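Take a look at the letters that make up each chain.
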Amino acid sequence: MSSVEKKKNETSSLTPEQFEAISERGKNLLVSASAGSGKTFVMIERIVSLIKSKNPKIQADVDQMLILTFTNQAANEMSERLERKLLELGENDEKMLEQVDLIKTSDISTIHAFCQKMLKKYFYEANISADFELIDEAKQTALFSKCSKIAIDQFKKEHPDEHLKLFEYLCDSRSDKELIEILFSIKGYMENVDNESD
């Protein structure tokens, strides 16, 4: 199969929305779709099309792009799939092989990791310590518990009647510990809803 035929087959299997997301230029795009609908495929194809572009205003190497995902797993998958695609194209195009080496220094990461990288680099602009670190899940849990306890104590002191009503509606006992567990459940539910919408 010739490269022209192969390209025609690839573009004919795209939905109109996928084709638009890959080829649209000069404006911001938001690609939102359900799991398994081909978002990563579309992103890979868009990245490759920017690398291959003959237009100097559009063409970019992979290490000049910012490619963000929501999870570490998605970022790793994006890097791996992009590398495979570039190696495949590199059989006939040396520029694509050069891009494979650039993946190692490119910004393909989660939003959180990219923001952390920027804060580490420009900590003085953000007026924070250069040796800041992200809290792990255990510290986050302890901090949430501590803050919840402080908020409940303050609510109890300032609004004793509403505090009692809160226990009547939500808790089997009159234990702050039970209320904190309920807050953890609500927090977990909200995080899952937020992740499902990504």
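Residues numbered from 1 in each chain as written. Predicted model: local features only at pLDDT ≥ 70, side-chain atom pairs only at ≥ 80, totals over all residues. Heavy atoms only, no water.

K.L.:
In this structure, what is going on with the overall build of the protein chain? I would like to understand it.
P.N.:
Broken down by element type, the protein chain carries 10 helices and 2 strands. Counting from the amino terminus, helix and strand elements in the protein chain follow one another as α-α-α-β-α-α-β-α-α-α-α-α. The principal-axis extent of the C-alpha atoms belonging to the protein chain is close to 75 × 40 × 30 Å. Sequence-distant contacts in the protein chain: of pairs separated by 6 or more residues, those separated by 24 or more amount to 51%. When the accessible surface of the protein chain is split by element, carbon and sulfur atoms take 54% of a total near 14400 Å². Positive and negative side-chain charges of the protein chain, numbering 27 and 36 respectively, have mean locations separated by a distance of 3 Å. (Helix = DSSP H or I, 4+ residues; strand = E, 2+ residues; numbered from the N terminus. Contact = heavy atoms within 4.5 Å. Areas by Shrake-Rupley, 256 points an atom, 1.4 Å probe, with all protein chains shown as cover. Lys, Arg positive; Asp, Glu negative; His and termini not counted. Charge placed at Lys NZ, Arg CZ, Asp CG, Glu CD.)

K.L.:
Looking at this structure, I do not really get the pattern of salt bridges. What am I missing?
P.N.:
Two side chains carrying opposite charge are able to pair once their charged atoms lie near each other. Scanning the model with the defined rule gives 9 salt bridges in all. Across the pair E45 and K85 runs a salt bridge whose closest N-O atoms are separated by 3.1 Å. Pair noted here: E45 is in helix α3 (residues 39-52) and K85 is in helix α4 (residues 72-90), with a separation of 40 residues, a long-range link. K85 matches E45 in its accessibility class, with the two residues each being buried. The partner of K149 in a salt bridge is D176, and the shortest N-O contact between them spans 3.2 Å. A residue pair is termed long-range when its members are at least 10 positions apart, and K149 in helix α8 (residues 137-158) and D176 in helix α10 (residues 176-197) qualify at 27 residues. (Salt bridge = Lys/Arg side-chain N within 4 Å of Asp/Glu carboxyl O. Buried < 20%, exposed > 50% of the residue type's maximum accessible area, 1.4 Å probe, protein only.)

K.L.:
Explain a negative patch on the surface to me, please; I cannot follow it from the model alone.
P.N.:
A cluster of like negative charges, contributed by E80, E83, E94, E98 and D101, occupies part of the molecular surface. Going through the elements one at a time, α4 and α5 (94-103) are the ones with two or more residues in the negative patch. Top element by residues in the negative patch is α5. It accounts for 3 residues. The residue E94 is located in helix α5 in this model. (Patch = residues over 30% accessible without salt bridge, like charges linked within 9 Å, V, L, I, M, F, W, Y side chains within 5 Å.)

K.L.:
It is not clear to me how the pairing of strand β1 (residues 66-69) should be interpreted in this structure. Could you clarify?
P.N.:
Within a regular strand, the side chains alternate between the two sheet faces. Taking every second residue as pointing to the same face, the buried face of β1 carries I67 and T69, while none of L66 and L68 on the other face is buried. Relative to strand β2 (residues 107-110), β1 runs parallel, the two being bridged by 4 bridges. Each bridged residue has a counterpart across the sheet, and for L68 the counterpart in β2 is S109. (Pairing = 2+ DSSP bridges.)

K.L.:
When you look at the packing of aromatic side chains in this model, what are you seeing that I'm missing?
P.N.:
Geometry of an aromatic ring pair is reported as the spacing of the ring centres plus the angle between the planes. A complete count under the given rule lists 3 aromatic pairs for this structure. Judged by centre distance (5.5 Å) and plane angle (85°), the ring pair of F123 and Y124 falls under edge-to-face. The class for Y124 is partly exposed, based on a relative accessible area of 49%. Linked through ring pairs, Y122, F123 and Y124 together constitute an aromatic cluster. A cation sits over an aromatic face here: K120 above F132, 4.5 Å from the ring centre. One cation-aromatic arrangement involves K187 over F144; the distance from NZ or CZ to the ring centre is 5.4 Å. (Phe/Tyr/Trp six-rings, centres within 6.5 Å; stacked < 30°, edge-to-face > 60°. Lys NZ or Arg CZ within 6 Å of the ring centre and 35° of its normal.)

K.L.:
Can you help me understand the nonpolar core in this one?
P.N.:
General note: in soluble globular proteins, nonpolar side chains tend to be found buried as a group. Counting residues in hydrophobic clusters, the biggest one holds 17 residues, and the most contacted among them are I47, I51, V62, M65, I67, L82 and L86. Within the residue set of this core, elements represented by two or more residues are α3, α4 and α5. Here this core takes 5 residues from α3, the largest share from any one element. In this view, L82 contacts I44, I47, V48, V62, I103 and I108; residues no more than four positions away in its chain are not counted. (Core = buried A, V, L, I, M, F, W, Y, C linked by side-chain atoms within 4.5 Å.)

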